[in-house]
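Observations on the model geometry
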Amino acid sequence: MSGIVESVQAKAQEVAKEDYDRAKALINDAAKSGSYLYPIKGIFYFLSHRSLWKPLLKKLAPIVTLSVGVVTGMFFFTYVPQLALMTFVNGPLAVLTTAVLVLNESSAVISFLSRNFVMQDALLDTFDGTLISRDATNLVSEGRELKSGRDPIQRLGKVLKNPFQRFSPKALIRYVMYLPLNFIPVVGTVAFIVLQGRSRGSTIHDRYFQLKRWSPNQKEQWLSKHTGPYLAFGVLATLLDMIPVASVFFSFTNAVGAALWAADIEHKETEMTDGTAPGLREAAKKAE
């Protein structure tokens, strides 16, 4: 019997060590790439380049209307039922924690609806405009017509390729599925953010991959090779998206940050230089 216990303990230690080594490698890759900085860089770059504000400003009125409607509806229909549940967990603090929870849920719904029905074109213009402002004009020309001029947004013409899928509810379903993890103090919240960050990180460069004409296999190979950096970006972007009310603003700054990162990869200005974009793009063209 003792031999079986020792064998199980040894196996558990082996698995734990493998998971620890894997997590350590992901963290090292993320730190080396500096990808976690790009959501923050996106904020400052967006604020300092007024031309990039235009797509957001054009959508501001419908976004505000949508936000007010969603928040009002969520508090009216979901606050009291969730308060009853949260009272057992948080006691007197349930009044506050439930309000924060409803605001976070509202932000998720607003983000989902606005990205799928309101902001898709605006986010695409923001991403492409940022690439143009970073001298990646040739890359953007792979996916849309470009006009002459100095303003990066005004240069954007007809979209030849659109990477976005209309109404993809998977992200919202995944969010709702993982939401109960937040009821587990600390560990559950961290797990929720990491899971959301992993999903978010895998999609932030969909436009970039499309502009480079990568096949699904090339995309998967790249993401698999750079799991840590994309997870780090996704976690930071998710944290910003979870800030109540400001989530729509951060959707645009995250798009800017993703484009800045793509431009740096394209110009080989990051540590992700082995098999970087220019070489792989040439390979993709030859394969066509």
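Owing to the predicted nature of the structure, the values given are computational and were not obtained by experimental measurement. (Residues numbered from 1 in each chain as written. Predicted model: local features only at pLDDT ≥ 70, side-chain atom pairs only at ≥ 80, totals over all residues. Heavy atoms only, no water.)

1. Side note on the overall build of the chain
Convention followed: Helix and strand assignments come from DSSP, with helices taken as H or I runs of at least 4 residues and strands as E runs of at least 2, each series counted from the N terminus. Think of it in three bands: with a 1.4 Å probe and only protein chains considered, a residue is buried below 20% of the maximum accessible area for its type, exposed above 50%, and partly exposed in between. Only heavy atoms enter the contact rule, under which two residues are in contact if any of them lie within 4.5 Å. In this description, accessible areas are obtained by the Shrake-Rupley approach with a 1.4 Å probe, and a residue is regarded as covered only by the protein chains that are shown.
Check the secondary structure of the chain and you find 14 helices and two strands. Counting the 288 residues in the chain, one finds 42% classified as buried. Sequence separation of 24 or more characterises 70% of the internal contacts of the chain that already satisfy a separation of 6 or more. Accessible area of the chain: about 15500 Å², with a carbon and sulfur share of 64%.

2. A word on the UniProt feature "transmembrane region" (unreviewed entry) in the chain
We count it as follows: UniProt positions are given in the numbering used here, feature names are shortened, and annotations may be inferred rather than shown by experiment.
UniProt feature "transmembrane region" (unreviewed entry): in the numbering of this structure it lies at residues 60-80, 92-113, 175-195 and 230-263. The annotated region residues 60-80 carries 100% helix and 0% strand content, and the separation between its end C-alpha atoms amounts to 30 Å. The annotated region residues 92-113 carries 91% helix and 0% strand content, and the separation between its end C-alpha atoms amounts to 33 Å.

3. A closer look at a nonpolar patch on the surface
Formally: Residues enter a patch when their relative accessible area is above 30% and they make no salt bridge; the linking distance is 9 Å between like charges and 5 Å between nonpolar side chains (Val, Leu, Ile, Met, Phe, Trp, Tyr). We define a salt bridge as a contact between a side-chain nitrogen of Lys or Arg and a carboxyl oxygen of Asp or Glu at a distance within 4 Å.
On the surface, a cluster of nonpolar side chains totalling about 450 Å² of accessible area is made up of Ile184, Val186, Val187, Val190 and Val194. Structurally, Val186 can be placed in the loop between α8 (170-178) and α9 (187-201). Of the residues examined, Val186 reaches a relative accessible area of 63% and is grouped as exposed.

4. Details of the environment of Val100
With respect to the element layout, Val100 can be found in helix α5 (residues 94-117). Residue class for Val100 comes out partly exposed when judged on its relative accessible area of 38%.

5. Points about the packing of aromatic side chains
Basically, it comes down to this: Stacked, edge-to-face and tilted are the three classes for Phe, Tyr and Trp ring pairs, Trp counted by its six-membered ring, which pair at centre distances within 6.5 Å; planes under 30 degrees apart are stacked, over 60 edge-to-face, the rest tilted.
Under the criterion given, the structure shown has 10 aromatic pairs. Aromatic pair Phe46 and Phe249: ring centres 5.7 Å apart, planes at 75°, arrangement edge-to-face. On the criterion of sequence distance, the pair formed by Phe46 in helix α2 (residues 38-48) and Phe249 in helix α13 (residues 247-266) is long-range, its members being 203 residues apart. According to the relative accessible area criterion, Phe46 is buried, its value standing at 2%. According to the relative accessible area criterion, Phe249 is partly exposed, its value standing at 25%. The structure contains a cluster of three or more aromatic residues connected by ring pairs, namely Tyr38, Tyr230, Phe233 and Trp261.

6. What to know about α13
To be explicit about the condition: Any helix carries an expected span of 1.5 Å times its number of residues minus one.
Between its first and last C-alpha, α13 extends 28 Å over 20 residues, near the 28 Å set by a 1.5 Å rise per residue. α13 sits mainly inside the fold: 19 of its 20 residues count as buried. Residue Lys268 follows α13 closely and has a positive phi angle near 55°.

7. Considerations on the environment of Leu66
Relative to the helices and strands, Leu66 resides in helix α4 (residues 60-90). Expressed as a C-alpha distance, the spacing of Leu66 and Ser114, which sit 48 residues apart in the sequence, is 7.8 Å. Apart from residues lying up to four places away in sequence, Leu66 is in contact with Ile110, Leu113, Ser114 and Val118.

8. What about the packing of α4 against α5?
Applicable threshold: Helix axes are fitted to C-alpha atoms over the stretch in contact, other axes to C-alpha atoms as well, and angles between N-to-C directions run from 0 to 180 degrees. Here is the rule for angles: anything less than 35 degrees is roughly parallel, anything more than 145 is roughly antiparallel, 65 through 115 is roughly perpendicular, and the remaining ranges are oblique. Two helices that cross are described as forming a left-handed crossing if the nearer one is turned anticlockwise from the farther one by less than a right angle, and a right-handed crossing if clockwise. All amino acids are sorted into three groups, where Ala, Val, Leu, Ile, Met, Phe, Trp, Tyr, Cys and Pro are nonpolar, Asp, Glu, Lys and Arg are charged, and the leftover types, Gly among them, are polar.
Direction vectors running N to C along α4 and α5 enclose 140°, while the axes themselves pass 7 Å from each other. Regarding the angle of α4 to α5, the classification is oblique. In the packing of α4 onto α5, the handedness of the crossing is right-handed. Across the contact of α4 with α5, the residue classes break down as 17 nonpolar, nine polar and one charged.

9. With respect to the nonpolar core
Short version of the rule: By nonpolar core we mean a set of buried residues, namely Ala, Val, Leu, Ile, Met, Phe, Trp, Tyr and Cys, connected to one another through side-chain atoms within 4.5 Å.
Grouped together as the largest cluster of nonpolar side chains are 45 residues, with contacts concentrated most on Leu131, Tyr230 and Phe252. Leave out the neighbours within four places in its chain, and Phe252 touches Phe46, Pro55, Leu56, Met119, Ala122, Leu123 and Thr126. In terms of nonpolar packing, the next biggest core, distinct from the first, is built from seven residues, Tyr175, Leu179, Val235 and Met242 among them.

10. A short note on the pattern of salt bridges
Summed over the entire model, instances satisfying the criterion amount to eight salt bridges. The partner of Asp151 in a salt bridge is Lys54, with the nearest N and O atoms 2.5 Å apart. With Asp151 in the loop between β1 (144-146) and β2 (156-159) and Lys54 in helix α3 (residues 54-58), this residue pair connects regions lying 97 residues apart in the sequence. Classification of Asp151 as buried rests on a relative accessible area of 17%. Overall, the relative accessible area of 26% leaves Lys54 in the partly exposed class.

11. Section: the confidence of the model for the chain
Quick reminder of the rule: Think of pLDDT as the predictor's per-residue confidence, scored from 0 to 100.
Per-residue pLDDT for the chain has a mean of 82; in total, 78% of the residues score no lower than 70. Looking over the chain, one finds the lowest element-wise mean pLDDT in helix α14 (residues 277-287), namely 47, and the highest in α2, namely 96.

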